[in-house]
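Coordinates in review
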Amino acid sequence: SKMQKFTLPVKVDACIFTGRTSSYLKTNNDVKKTFDSIKENLEAGGIVVFDIINAPLFIKKITGKRKIIHEAKYKGKHYFRESHWIYNPMQLWSFDWISVYYEKLKGGKKKKLFDENSTLRSFSKDDIQLFLELSGFKVLKIMPKASYAFDTLVFIAQKIQA
């Protein structure tokens, strides 16, 4: 992925990646390469800010049949997505995210548009702290932040000056 290896034209003071994009880093190697790449593109003392899905809270919640519905209106049409998660014990704190997208029609009927299935990863606080330290970062702050369906942690870390 592009997160794991990128080069900016100039080094920057901060790197931010949000929306739980860290969940797409499925292997330890993916995580390490991403933090190494970010470090290479930061000025000395630069900051990285990102969020993770907090595995110790999230994995316990998805063991049931909980369904999440998101709705949106666009150009006079009403759309919604039904999602649910299944713990995937085959790799780390991974889970399968199954979503079906619909258009809401008159009379309460629905028209299926498409479905999407992804395997994603959640992390523990300790996992991320270790990855950051191994890549040459010092954790400055960790903040819990609730989102629409995930228990997340926001990390702020600083590149250790050589």
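You'll find the structure just up there.
Now for a look at the structure at hand.

Cut-offs applied
- Residues numbered from 1 in each chain as written.
- Predicted model: local features only at pLDDT ≥ 70, side-chain atom pairs only at ≥ 80, totals over all residues.
- Heavy atoms only, no water.
- Helix = DSSP H or I, 4+ residues; strand = E, 2+ residues; numbered from the N terminus.
- Buried < 20%, exposed > 50% of the residue type's maximum accessible area, 1.4 Å probe, protein only.
- Contact = heavy atoms within 4.5 Å.
- Areas by Shrake-Rupley, 256 points an atom, 1.4 Å probe, with all protein chains shown as cover.
- Lys, Arg positive; Asp, Glu negative; His and termini not counted.
- Charge placed at Lys NZ, Arg CZ, Asp CG, Glu CD.
- Salt bridge = Lys/Arg side-chain N within 4 Å of Asp/Glu carboxyl O.
- Axes fitted to C-alpha atoms, helices over the stretch in contact; angles between N-to-C directions.
- Parallel < 35°, antiparallel > 145°, perpendicular 65-115°, else oblique.
- Left-handed = near helix turned anticlockwise from the far one by under 90°.
- Pairing = 2+ DSSP bridges.

1. Overview of the overall build of the protein chain
Scanning the protein chain from N- to C-terminus turns up 3 helices and 8 strands. In sequence order, the secondary structure elements of the protein chain are arranged as β-α-β-α-β-β-β-β-α-β-β. Projecting the C-alpha coordinates of the protein chain onto the three principal axes gives extents of approximately 65 × 35 × 25 Å. Counting the 162 residues in the protein chain, one finds 40% classified as buried. Considering only residue pairs separated by 6 or more positions, the protein chain has 59% of its internal contacts joining residues 24 or more positions apart. Total accessible area on the protein chain is roughly 9800 Å²; 57% of this is exposed by carbon and sulfur atoms. Of the side chains in the protein chain, 29 bear a positive and 16 a negative charge, and the two mean positions are spaced by 7 Å.

2. Quick look at the pattern of salt bridges
Following the criterion strictly, the structure yields 6 salt bridges and no others. Ionic pairing is found between Lys32 and Asp36, a salt bridge with its closest N-O pair at 2.9 Å. On the criterion of helical spacing, the pair formed by Lys32 and Asp36 is a turn pair, its members being 4 residues apart in helix H1 (residues 28-41). Overall, Lys32 belongs to the partly exposed group, its relative accessible area being 26%. Overall, the relative accessible area of 28% leaves Asp36 in the partly exposed class. Here Asp151 makes a salt bridge to Lys61, at a shortest N to O gap of 2.7 Å. Remark: Lys61 occurs in helix H2 (residues 55-61) and Asp151 occurs in strand E8 (residues 151-159); sequence separation between them is 90 residues. You can call Lys61 partly exposed: its relative accessible area is 41%. One network of salt bridges, in which partners are shared, links Lys67, Glu82 and Lys110.

3. Re the packing of H1 against helix H3 (residues 125-134)
Helix-helix packing is described using two parameters, namely the angle between the two axes and the distance between the axes. Interaxial distance between H1 and H3 falls to 9 Å at its minimum, and their mutual angle equals 50 degrees. The angle between H1 and H3 falls in the class oblique. Both H1 and H3 take part in a crossing whose hand is right-handed. Packed against H1, whose contacting residues are Asn28, Val31, Lys32 and Phe35, the element H3 presents Phe131, Leu132 and Leu134 at the interface.

4. Examining the sheet that holds strand E6 (residues 110-121)
Reading across the sheet, the 4 strands line up as E3-E4-E5-E6 and stay open at both edges, with antiparallel pairing between neighbours. Across the chains shown, the open sheet's two edge strands, defined by having one partner strand only, are strand E3 (68-74) and E6. Here the strands of the sheet are splayed against their neighbours by 20 degrees on average, with no regard to which way each runs.

Shape is all these values report; function is a separate question.
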